[in-house]
Amino acid sequence: MGDFTFSDFFSCTVFCISPFSKMTDSFPDIKSKHSLVAKYVTEPLWEKLSRAKTKTSGFTLSQAIACAVEFDNQHCGIYAGDWDTYKVFGDVFDPLIQEYHGISADSVHTSDMDVNKIKGNIDPKAPVHSTRIRVGRSIDGFGLSPGITKEQRLGVENLMKKAFANLEGDLAGT
């Protein structure tokens, strides 16, 4: 296979990583032989984790690794279905994430949301007329894109409508 295309991604996220993904008790044939999934999803870990499901969206290890099983061109080949995925399947995710990002097991992520610390070269003569918001992370209690249920999607939509309705001034939009 060549490069990973949008069509492949669509197939992975819609068909492979769905509540209807084929569940199997036997160790899967991972087509992406050189992926991080192939390295870290071992038969002993599969035996330990293959029947586990996350509390938030019922996501499984089979769903998490579906792209590496389905396609032969994945580097990582794994997706989290919800926040719980990182804990329930931590024996796979932790070392995989550490290798991918080149971090140690005791690394700590820190966030700093202080807008006054943002530095940049935005030209004041070229003002922003519009913007787009893309949410790629979780909201507590809801699944991530690969594992979110229809009910959760509607819940996120309602939550966002309420949040955006409270924006005022130049943030209110039209």
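Scroll up to find the structure.
Just so we're clear, the structure is a prediction, and the values are computed from it rather than from any experiment. (Residues numbered from 1 in each chain as written. Predicted model: local features only at pLDDT ≥ 70, side-chain atom pairs only at ≥ 80, totals over all residues. Heavy atoms only, no water.)

A.B. asks: Explain the overall build of the chain residue by residue, including any values.
C.D. replies: A tally of regular secondary structure across the chain gives eight helices and zero strands. Listing every helix and strand of the chain by position from the N terminus yields α-α-α-α-α-α-α-α. Nonlocal contacts in the chain, meaning residues at least 24 apart in sequence, comprise 65% of its contacts between residues at least 6 apart. Within the structure as shown, the chain displays about 12600 Å² of accessible surface, and the carbon and sulfur contribution to it stands at 55%. (Helix = DSSP H or I, 4+ residues; strand = E, 2+ residues; numbered from the N terminus. Contact = heavy atoms within 4.5 Å. Areas by Shrake-Rupley, 256 points an atom, 1.4 Å probe, with all protein chains shown as cover.)

A.B. asks: Lay out the side chain of Gln152 with the relevant residues and their values.
C.D. replies: Inspection of the secondary structure puts Gln152 in helix H8 (residues 150-165). A relative accessible area of 10% places Gln152 in the buried class. Among the polar contacts made by the side chain of Gln152, one reaches the main-chain amide nitrogen of Gly143 at a distance of 3.0 Å. Ignoring sequence-local partners within four residues, the contact set of Gln152 consists of Thr56, Ser57, Gly141, Phe142, Gly143 and Gly147. (Buried < 20%, exposed > 50% of the residue type's maximum accessible area, 1.4 Å probe, protein only. Polar contact = N/O pair within 3.5 Å; in protein donor to acceptor, adjacent residues only side chain to side chain.)

A.B. asks: Talk me through the pattern of salt bridges; I want residue IDs and the actual numbers.
C.D. replies: Per the stated rule, a full pass over the model turns up five salt bridges. Residue Lys48 is joined to Asp91 by a salt bridge in which the shortest nitrogen-to-oxygen separation is 2.3 Å. Residue Lys48 is found in helix H3 (residues 43-49), and its partner Asp91 is found in helix H7 (residues 90-101); the two are separated by 43 residues along the sequence. When the shortest N-O distance is used, the salt bridge between Lys117 and Asp112 registers 2.8 Å. According to the relative accessible area criterion, Asp112 is partly exposed, its value standing at 48%. (Salt bridge = Lys/Arg side-chain N within 4 Å of Asp/Glu carboxyl O.)

A.B. asks: Explain the side chain of Thr54 to me, and be specific about the residues and the numbers.
C.D. replies: Among the secondary structure elements, Thr54 is positioned in the loop between H3 and helix H4 (61-64). For Thr54, a relative accessible area of 5% translates into the label buried. Here the side chain of Thr54 touches Phe59 through a polar contact of 2.9 Å, landing on its backbone nitrogen. Among the polar contacts listed, one links the side chain of Thr54 to the side chain of Asp82, at a separation of 2.6 Å. In this view, Thr54 contacts Phe59, Asp82, Asp84, Thr85, Val88 and Phe89; residues no more than four positions away in its chain are not counted.

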